[in-house]
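Each chain, letter by letter, is given below.
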Amino acid sequence: MKTKDKIPSTAQVASDEVILALFFDRDESAIAETDRKYGKYLFTIAHNILHDNEDSEECQNDTYLRAWNSIPPERPRVFSAYLAKIIRSLAINRLRADRRKKRVPPELMHSLSELEGVLPAQIDEEQSRLIAQVINAFLRGESERGRYIFMSRYFYMRPIAHIAYALGVSLSTVKKQLHAMKEKLKEALGKEGISL
């Protein structure tokens, strides 16, 4: 059975396995299926960082192109996380370019700068992998609420007020938890020899 025969009707959404099979078959409908399943999710990630519809749509399209160019040989284990990582990187690069042009809202740069006191400014590829492992282990040890707060602030770049509202807590509660988590993360990184 060909991959095209496995594509669901318009009422259904293709599974990740079917979409990845389309990528491996070099079938351009892989992009349309990816957009149908993850378009809103990816746009939201970019928009939380950029706060601009046009820039977010461009990052979304660039994400599809990067996925097309990298699959194969890549075969992502978690397709949604793979796409999120791509679009987040694209959006942050666009944000940095906009910052140089002085077009960035201060709240967004504040979110990124909060981690400057935790992570080294210059890291090589090996350190980057180690840092990712430490952060993943650190987050696994946190409560569900702690993981939500950390990821919302530093991965999705949501404002603290948005996080507080979503959780039904005060701004100071979120700020205190972020501060405590940053200190714990800094300590965990230090144990692995990663310091500022």
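Residues numbered from 1 in each chain as written. Predicted model: local features only at pLDDT ≥ 70, side-chain atom pairs only at ≥ 80, totals over all residues. Heavy atoms only, no water.

Participant: How should I be thinking about the nonpolar core in this particular structure?
Facilitator: With 31 residues, the main nonpolar core has F23, I49, C59, I71 and F79 as its most contacted residues. Broken down by secondary-structure element, the contributors of at least two residues to this core are α2 (16-24), α3 (29-50), α4 (53-70) and α5 (79-100). The dominant element in this core, judged by the number of residues it contributes, is α5, at ten residues. Residues in contact with I71, not counting those within four places in the same chain, are L20, F23, F24, R26, P76, F79 and Y82. With 18 residues, the next largest nonpolar core counts Y154, I160, V174 and L178 among its residues. (Core = buried A, V, L, I, M, F, W, Y, C linked by side-chain atoms within 4.5 Å. Buried < 20%, exposed > 50% of the residue type's maximum accessible area, 1.4 Å probe, protein only. Helix = DSSP H or I, 4+ residues; strand = E, 2+ residues; numbered from the N terminus. Contact = heavy atoms within 4.5 Å.)

Participant: What is the right way to read the side chain of Q177 from this model?
Facilitator: Turning to its location among the elements, Q177 is positioned in helix α10 (residues 171-191). Residue class for Q177 comes out buried when judged on its relative accessible area of 16%. What Q177 contacts, discounting residues up to four positions off in sequence, is S143, R145, G146 and I149.

Participant: When you look at the side chain of D27 in this model, what are you seeing that I'm missing?
Facilitator: Among the secondary structure elements, D27 is positioned in the loop between α2 and α3. Polar side-chain contacts of D27 include one of 2.7 Å to the side chain of S29. (Polar contact = N/O pair within 3.5 Å; in protein donor to acceptor, adjacent residues only side chain to side chain.)

Function-wise, these values are silent; they only describe arrangement.
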